[in-house]
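Commentary on secondary and tertiary structure
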Amino acid sequence: MARILILMDHGVDRVKVVTALREAGQSPIDPAPGWDAPSRLVQAVERATPDVLVIGCETDLEAACSRCELLMEGDTTRYLPTLVAIPHHPSEAEAIRVFAAGARDLVSLSDPMSLVSARIDNMARLNYLRRTFRKHHDALTARNEELDRIFETVTAGLALVDERGRVVRMNARGREILGAQAGRFGLDEHAPATTPTGGREHPIHRAALRGESVRGQRIEFAGARTGGERVLVVDAEPLFGEYGQRLGALVVFRDETDSIRMQETLRCKAQELALRTEEMEAFVYTASHDMKSPLWTIRRYAAMILEDRGETMGEEARHFLERIEVNAARLGDLVEDLVRVVKVGKMELFLEPIGVDRPAREALRNLDAAVRQSGARVDVPSGLPTVLADPDRLVDLFENLIGNAIKYRRPESPCEVTVSAVTEGENVHVQVQDNGLGIPEDQFERIFGLFQRLHTRDQIEGSGLGLAIVQRVVERHGGRIWVVSSLGEGSTFHVLLPAAPAGETAVPA
Ligand code: ADP
């Protein structure tokens, strides 16, 4: 409601004005006598924040005019509409004096009071509307400024496009990305969007003219900074008015040239690497294969000489021959493992549904000597879940994992190994757990690499290829392998393998 401040002498006229305004539905502010003393008039009025001031001049027109003049000196009061109420019909000279003092209107209290209150009320309402309008205007300005800040600080390029597809506004980042080439991209602030080459309709047209939402459309254009081809990835969202009419679109664009180039480089490098790896594996395979037979011959001859003449030859010569035999055997094992690593990556898999316990048991039979010699207790429960896998490769997997569990046992406590498996959704989660030496946490990934060993050959025999073979077997089946271990307490190797589809039962052993 409008605020009407009455500054009149306390008397009949004042009562008439206040009553008339109340009857008209207003609540005029009617302060106590002395409130409006000239010395504090401006501050008092400022605090009251009225929409209109009614100044009486029952006795003295000059006193009323000097009050108006005082208010004209205040920073905010000078803008307040002031209305002077005069007891009689004013003369022309009186009216000129009142308006010269800064009053906006002059009412005569000899007019019907309904007319007086209507004029006061009118002026108050007008100012109330002005005040409300200013409040909304200030709020809108603040909101616009906030939107402007967001528009400018967004790290992507932003463009506002009108309903004919013309850019009406672009942020600094957008101008930086496009530079002088905005037109070639179709985002020129002064020209309508053009359709770029490549056959597809420009995202601006799609959003602004057709009202479509566009996501991640690629546009290639000659860049501003380098002059080379650049790639923009564009999202565009159509904007609609209150009645569904098309207003244009908001276009968001990012310069993805570097990341796309990086991806392409990475793809090329990966292809190159795959080719090299293939060449290298082919070489390793052939070389290892070719080494097998000479190694076997060396070993065989060393053994034969030792057998035939060992008794008669000198101590030193016999020692050398024994070393030759041992090292030829070791080299032979290494070559075998190398051939297996390469082969496992290429060989055809013969998948069939198979219970996990079956290959685990077969591996255990192959490890019989090691199990006996170590006194290990290996637990493989029957009825473990069924996986879809190549049984021979699973035997390799368990032979390596159980073999390692026995090999890396703690000499001071009896070796215990447990194989377990549970179905988890589409996978079977297999675990091979031991109570052996354990593996430091920072080596959990490294041990699956080629030739990666945590123990020297003097401590424990090995080639560092076993887990690499296991990992390849698992990956060839589309599975995953990882280890969790605690030094001095033991290790658990976790393997995820695809479960056999429901209804497929394991092939009997
Ligand atoms: P190898 O046993 O021939 O050395 P692997 O690839 O099978 O090669 O294993 C790599 C390394 O991981 C081993 O040298 C050993 O240090 C460590 N390791 C593997 N399995 C275990 C285990 N169960 N307990 C402790 N260490 C292990």
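Residues numbered from 1 in each chain as written. Predicted model: local features only at pLDDT ≥ 70, side-chain atom pairs only at ≥ 80, totals over all residues. Heavy atoms only, no water.

1. Some thoughts on the packing of helix α11 (residues 357-366) against helix α13 (residues 391-407)
In the contact formed by α11 and α13, the axes pass within 8 Å of each other and the chain directions differ by 55°. When the interaxial angle is binned, α11 and α13 end up oblique. Pair α11 / α13 crosses with right-handed handedness. Along its contact with α11, which presents P359, A360, E362, A363, L364 and N366, the element α13 presents P391, L394, V395, F398, E399 and I402. Within the contact of α11 with α13, the residues separate by chemical class into nine nonpolar, one polar and two charged. (Axes fitted to C-alpha atoms, helices over the stretch in contact; angles between N-to-C directions. Helix = DSSP H or I, 4+ residues; strand = E, 2+ residues; numbered from the N terminus. Parallel < 35°, antiparallel > 145°, perpendicular 65-115°, else oblique. Left-handed = near helix turned anticlockwise from the far one by under 90°. Contact = heavy atoms within 4.5 Å. Nonpolar A, V, L, I, M, F, W, Y, C, P; charged D, E, K, R; others polar.)

2. Brief notes about the pattern of salt bridges
Counted by the stated rule, this structure contains 28 salt bridges. Residue R166 is joined to D162 by a salt bridge in which the shortest nitrogen-to-oxygen separation is 2.9 Å. In this structure, R361 and D357 form a salt bridge, with 4.0 Å as the shortest nitrogen-oxygen distance. On the criterion of helical spacing, the pair formed by R361 and D357 is a turn pair, its members being four residues apart in helix α11. Since its relative accessible area comes to 12%, D357 is described here as buried. (Salt bridge = Lys/Arg side-chain N within 4 Å of Asp/Glu carboxyl O. Buried < 20%, exposed > 50% of the residue type's maximum accessible area, 1.4 Å probe, protein only.)

3. Describing the pairing of strand β15 (residues 480-486)
Along β15, the buried face is formed by I481, V483 and S485; none of R480, W482, V484 and S486, which line the opposite face, is buried. Here β15 pairs with strand β16 (residues 490-498) via seven bridges, running antiparallel. Bridge pairing in β16 places S485 opposite S491. Between β15 and β16, which pair antiparallel one after the other, the connecting turn spans three residues, and G488 there sits at a positive phi close to 80°. (Pairing = 2+ DSSP bridges.)

4. So, helix α14 (residues 466-476)
At 3.6 residues per turn, the α-helix brings residues three or four places apart onto the same side. Among all positions of α14, only G466, L467, A468, I469, V470, V473 and V474 are buried. Tucked inside the fold, the buried residues of α14 contact α10 (315-346), α13, β15 and β16. After α14 finishes, the residue G478 shows a positive phi value of roughly 75°.

5. Things to note about the layout of surface pockets
If you add up the space inside the largest pocket, you get close to 1100 Å³. Taken together, 42 residues make up the lining of the largest pocket; nearest its centre are N404, K407, Y408, E461 and G462. The set of elements that each furnish at least two residues to the lining of the largest pocket consists of α10, α12 (368-374), α13, α14 and β16. The biggest single contributor to the lining of the largest pocket is α13, with nine residues. If you add up the space inside the second largest pocket, you get close to 370 Å³. (1 Å grid on protein atoms, 1.4 Å probe; cavity = no way out; pocket = protein on both sides within 12 Å on 5 of 7 lines; lining within 4 Å. Points joined across faces, edges and corners; volume = space filled by probe spheres on them.)

6. Topic: empty space enclosed by the protein
Following the criterion strictly, the structure yields one cavity of 30 Å³ or more and no others. Estimated volume of the largest cavity: approximately 30 Å³. Take the lining of the largest cavity: its biggest share by element is three residues, from helix α3 (residues 61-73). Partitioning the lining of the largest cavity into residue classes produces four nonpolar, three polar and no charged.

7. Observations regarding the nonpolar core
With 47 residues, the main nonpolar core has F398 and I402 as its most contacted residues. Among the elements that line this core, the one with the most residues is α13, at eight residues. For F398, the contacting residues outside a window of four places in its chain are V356, P359, A360, A363, G403, V419, V430 and V432. Core analysis: the second largest hydrophobic core is formed by 21 residues, V45, I55, I86 and A103 among them. (Core = buried A, V, L, I, M, F, W, Y, C linked by side-chain atoms within 4.5 Å.)

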